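An overview of the molecular structure
One letter stands for each residue in the lines below.
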Amino acid sequence: MSVDNNTVKKIARLARIHVDEDRRDALAGELNAILSWIEELETVDTDNVEPLASVTGHSLPIRDDVVSDGNKQEQVIANAPETTSGFFVVPKVVE
Amino acid sequence: MSNLVQGQTGEWEVVIGMEVHAQVTSHSKLFSGSSTAFGAGPNQNVSLVDAAMPGMLPVINGACVRQAIKTGLGLKAEINLTSVFDRKNYFYADLPQGYQISQFKHPIVGEGVLTIELSDGSSHAIGIERLHLEQDAGKSLHDQHPSKSYIDLNRSGVALMEIVSKPDLRSAEQAGAYIKKLRSILRYLGTCDGNMEEGSLRADVNVSVRKPGAPLGTRTETKNLNSVRFIMQTIDAEVERQIEVIEDGGEIFQETRLFDTSTGMTRAMRSKEDAHDYRYFPDPDLLPLSVTQDYVDEIAAELPELPDDIRMRMVDEYGLSSYDAGVLTEERETALFYETASAGRDRKIVANWMSVELFGALNKAGKILAESPVSPAALGELVDLITQGTISGRIAKDVFAEMFETGEAAASIIESKGLKQVSDTGAIEALIDKVIAENQDKVDEYRGGKDKLFGFFVGQTMKLSGGQANPGMVNQMLKDKLK
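Quantities reported herein were computed from a predicted structural model and do not represent experimental measurements.

Turning our attention to the pairing of strand E14 (residues 256-260) of chain B. Residues and elements named next belong to chain B. Counting buried positions along E14 yields four of five residues, so the element is predominantly enclosed. Direction of pairing for strand E13 (residues 220-225) relative to E14: parallel, over a ladder of two bridges. Along E14, the bridge assignment pairs Thr222 with Arg257. In terms of handedness, the path from E13 via helix H3 (residues 228-247) over to E14 forms a crossover that is left-handed. With four bridges connecting them, E14 and strand E15 (residues 265-268) associate as antiparallel partners. Bridge pairing in E15 links Phe259 to Thr266. Hairpin connection between E14 and E15: a loop of four residues separates the two successive antiparallel strands, and Gly264 in this loop has a positive phi of roughly 75°.

With that out of the way, let us pick up helix H12 (residues 425-438) of chain B. All names here are of chain B. In a regular helix each residue adds 1.5 Å, so 14 residues correspond to 20 Å; H12 covers 20 Å between its end C-alpha atoms and thus fits that length. Looking at H12, one finds that the buried residues are Ile428, Leu431, Ile432, Val435 and Ile436. The buried residues of H12 all sit within an arc of 135° when viewed along its axis, so they share a single face. Seen from the open side of H12, the exposed residues pointing more than 90 degrees away from its buried face are Ala437 and Glu438. Turning to H12, the residues buried within the fold contact helix H13 (440-447), helix H14 (454-464) and helix H15 (471-481).

Let us now look at the interface of chain B and chain A. Counting residues at the interface gives 50 residues for chain B and 39 residues for chain A. Carbon and sulfur atoms supply 59% of the area that chain B and chain A bury against each other, a total of about 3900 Å² over both sides. When the buried area of chain B at its contact with chain A is split by residue, Gln44(B), Phe91(B) and Leu287(B) rank highest and sum to 14% of it. In this structure, the salt-bridge partner of Lys10(A) is Asp277(B), at a minimum N-O distance of 2.9 Å. For the pair chain B and chain A, the number of links is 24 residue pairs in polar contact (both at pLDDT 80 or more). Sorting the residues of the side of chain B that touches chain A by element identifies strand E3 (60-61), helix H1 (62-74) and strand E10 (148-152) of chain B as the ones contributing at least two each. Counting residues per element, the side of chain B that touches chain A draws most heavily on E10(B), which supplies five residues. Residues belonging to the side of chain B that touches chain A are distributed by class as follows: 24 nonpolar, 16 polar and 10 charged.

What follows concerns the nonpolar core. Residues and elements named next belong to chain B. If you look at the biggest cluster of nonpolar residues, it comprises 104 residues, and the most contacted ones within it are Met18, Met161, Ile163, Tyr178, Ile231, Leu382 and Val399. Among the elements that make up this core, the one with the highest residue count is helix H2 (residues 172-189) (10 residues). Summarising the domain contributions, this core has at least three residues from each of domain 1 (5-299) and domain 2 (305-417).

Residues and elements named next belong to chain B. Tallied over the full model, the rule gives 12 aromatic pairs over all chains. Aromatic side chains Phe31 and Phe85 sit 5.4 Å apart centroid to centroid with 80° between the ring planes, which places their arrangement in the edge-to-face category. One end of the pair, Phe31, is in the loop between strand E2 (10-23) and E3; the other, Phe85, is in the loop between strand E4 (82-83) and strand E5 (86-89), with 54 residues separating them in the sequence. This pair shows no difference in class: Phe31 is buried, exactly as Phe85 is.

Right, let's talk about the domain arrangement of chain B for a bit. The domains assigned to chain B are domain 1 (5-299), domain 2 (305-417) and domain 3 (425-481). Domain 1 of chain B and domain 3 of chain B are separated by 64 Å when their C-alpha centres are compared.

Now for the sheet that holds strand E16 (residues 281-282) of chain B. Residues and elements named next belong to chain B. An order of E6-E5-E16 is seen for the three strands of this open sheet, with the pairing classed as antiparallel. Strands at the two margins of the open sheet, each flanked by one partner only, are strand E6 (99-102) and E16. Summarising the sheet, E5 and E16 pair through two bridges and their orientation is antiparallel. The partner of Arg87 across the bridge, within E16, is Phe281.

This next bit is on the sheet that holds strand E9 (residues 139-141) of chain B. What the four strands build is an open sheet, ordered E2(A)-E3(A)-E10(B)-E9(B); its pairing is antiparallel. Since the sheet does not close on itself, it has two edges, and those belong to strand E2 (83-84) of chain A together with E9 of chain B, each with one partner. Sheet topology places strand E3 (residues 87-91) of chain A next to E10(B); four bridges connect them, and they run antiparallel. From the neighbouring strand, Val90(A) faces E10(B), where its bridge partner is Ser149(B).

Residues and elements named next belong to chain B. For the coordinates displayed, the defined rule picks out 34 salt bridges over all chains. Arg202 is paired through a salt bridge with Asp136; the nearest N and O atoms lie 3.1 Å apart. Residue Arg202 is located in strand E12 (residues 201-210), and its partner Asp136 is located in the loop between strand E8 (123-135) and E9; the two are separated by 66 residues in the primary sequence. Here the two residues Arg202 and Asp136 agree in accessibility, since each one is buried. Each of Glu117, Lys181, Asp308 and Arg311 takes part in a single network of salt bridges with overlapping partners.

Another point: unusual backbone geometry. Its identity is not glycine, yet Arg16(A) carries a phi of approximately 55°, on the positive side. On the secondary structure map, Arg16(A) appears in the loop between helix H1 (5-14) and helix H2 (24-41). In this structure, Asn43(B) is a non-glycine residue whose phi angle is positive, near 55°. According to the relative accessible area criterion, Asn43(B) is buried, its value standing at 0%.

Residue and element names in this part refer to chain B. Two elements in contact, H12 and H14, have axes whose closest approach is 9 Å; the angle formed by their N-to-C orientations is 125°. Classified by the angle between their axes, H12 and H14 sit oblique to one another. The element H12 and its partner H14 pack so that their crossing is right-handed. In contact with Leu431, Ile432, Lys434 and Val435 of H12, H14 contributes Phe457, Gln460, Thr461 and Leu464. Here the residues of the contact of H12 with H14 are counted per class, giving five nonpolar, two polar and one charged.

Thresholds, definitions, all that
- Residues numbered from 1 in each chain as written.
- Chains lettered and ligands numbered in written order.
- Predicted model: local features only at pLDDT ≥ 70, side-chain atom pairs only at ≥ 80, totals over all residues.
- Heavy atoms only, no water.
- Buried < 20%, exposed > 50% of the residue type's maximum accessible area, 1.4 Å probe, protein only.
- Helix = DSSP H or I, 4+ residues; strand = E, 2+ residues; numbered from the N terminus.
- Pairing = 2+ DSSP bridges.
- Right-handed = clockwise from strand over helix to strand, strands pointing away.
- Expected span 1.5 Å × (residues − 1).
- Arc of directions from axis to C-beta.
- Contact = heavy atoms within 4.5 Å.
- Buried area = accessible area lost by both parts, 1.4 Å probe.
- Salt bridge = Lys/Arg side-chain N within 4 Å of Asp/Glu carboxyl O.
- Polar contact = N/O pair within 3.5 Å; in protein donor to acceptor, adjacent residues only side chain to side chain.
- Nonpolar A, V, L, I, M, F, W, Y, C, P; charged D, E, K, R; others polar.
- Core = buried A, V, L, I, M, F, W, Y, C linked by side-chain atoms within 4.5 Å.
- Domains from an automatic or database assignment.
- Phe/Tyr/Trp six-rings, centres within 6.5 Å; stacked < 30°, edge-to-face > 60°.
- Axes fitted to C-alpha atoms, helices over the stretch in contact; angles between N-to-C directions.
- Parallel < 35°, antiparallel > 145°, perpendicular 65-115°, else oblique.
- Left-handed = near helix turned anticlockwise from the far one by under 90°.

See the structure below:
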């Protein structure tokens, strides 16, 4: 798999990251370098090896179903550029 | 019954699959300790995790996992002892993380089955593809300001079960039956309250059409339908639209559509070319979710009797028709009411009184069963009075109406209104003699061979008694007298 100029443009848009047009070729080169390292990893024989999710040996911590948080509207909206009566206010995004 | 739809160029087969989002019944959210209660002020039930503040980490709610497994077992589905949470990436104002934590490749529940019954008595097994746990998004209000949207994150992070059917549904009626049955099972299990108005149960409907036997057509997806009626209307509208487009030489595009409740039509969402590029990957904040078979077995042992099982029992043991049993088991409360009212009595008569008189009266009064002025015990008592011959079925209807009106017991209404059935031979004989004396011409005709007139005599005698004469006795005695 190889990343070209257009793919860079697309994934930048999907990630909402602005990339100037004259930076795209350079980024494509960097991404292709990363992908080729991964391709190199793929040459390792992993047949009969279980996928590893964590090196700590911990299992997923599980919570009890109790209400222990919330009721902090002021903190939640404190950093919002615009608010009204407890709501976040954003440019209209209606379908 | 054929489900094919007639078009200009022949018949079309409709293929429907549904994705239902069911809010898990729990006190707190899937990955945070804030409340799931409906109706709080804006952004009150929001923690810094739900608002996706930097550095916050999700910790899973064990009760939501249990509910998902319970639902899976209720759908006779395979439970996956290991499942994985993935990030589904997209940007929207009410999704503060920039991704939804969902399960993509390894859902907690695999294939299952749900059986639907239709009004024509047929039943169909609808395949369940999978059930996975995921977070709900927040809520956007678009109608509060001309150029702004208001965002409330109270729902953000609430646990949802997405239940995906196989494309096994063939008509709007089947889709309606499917969602009703699913809602019924969820309510019996107590894993989702099924309240569609509050958004606890919402459906996305995938529809395509094809010539019978042809490969699947291109499907469209209509999102976020929150009533059975809208689901059925959407399907009808979409089927009609697709057939028209294809028959006019056009093409169906795989797209997301919206149902407009004011026009009853669907329309394409403004096209978002990247909308389906979710770039799923395993959430690095969450280890795989593992449960033991013992844990699953423990939940299985606690499952309540489900509507299909109760229905079968009502048909086999109580002798009810499959249809009546279906009506009585759709809601758990209804089934419990019926079991209480009919215990130790004629099950069929009670079923009949419930589905005809009680439901009729409730419907007319705009009440639900929980608000019924007639208790299960009171209805049972009324049925006892009929079967013991204290009142006739005809009078019982009046008594029932009075019970529904006043909440009084049947026995006291009968007592105070003097409605007891007349089973006294002398009294009935007097009535019959009077009817015969007043209709001598008809008596002659009857004796001359006009048998049909018998019903007339019964009717007249009953009428004269104010409906209180024992109909069986009237019948027998009339036969003797008219010989």
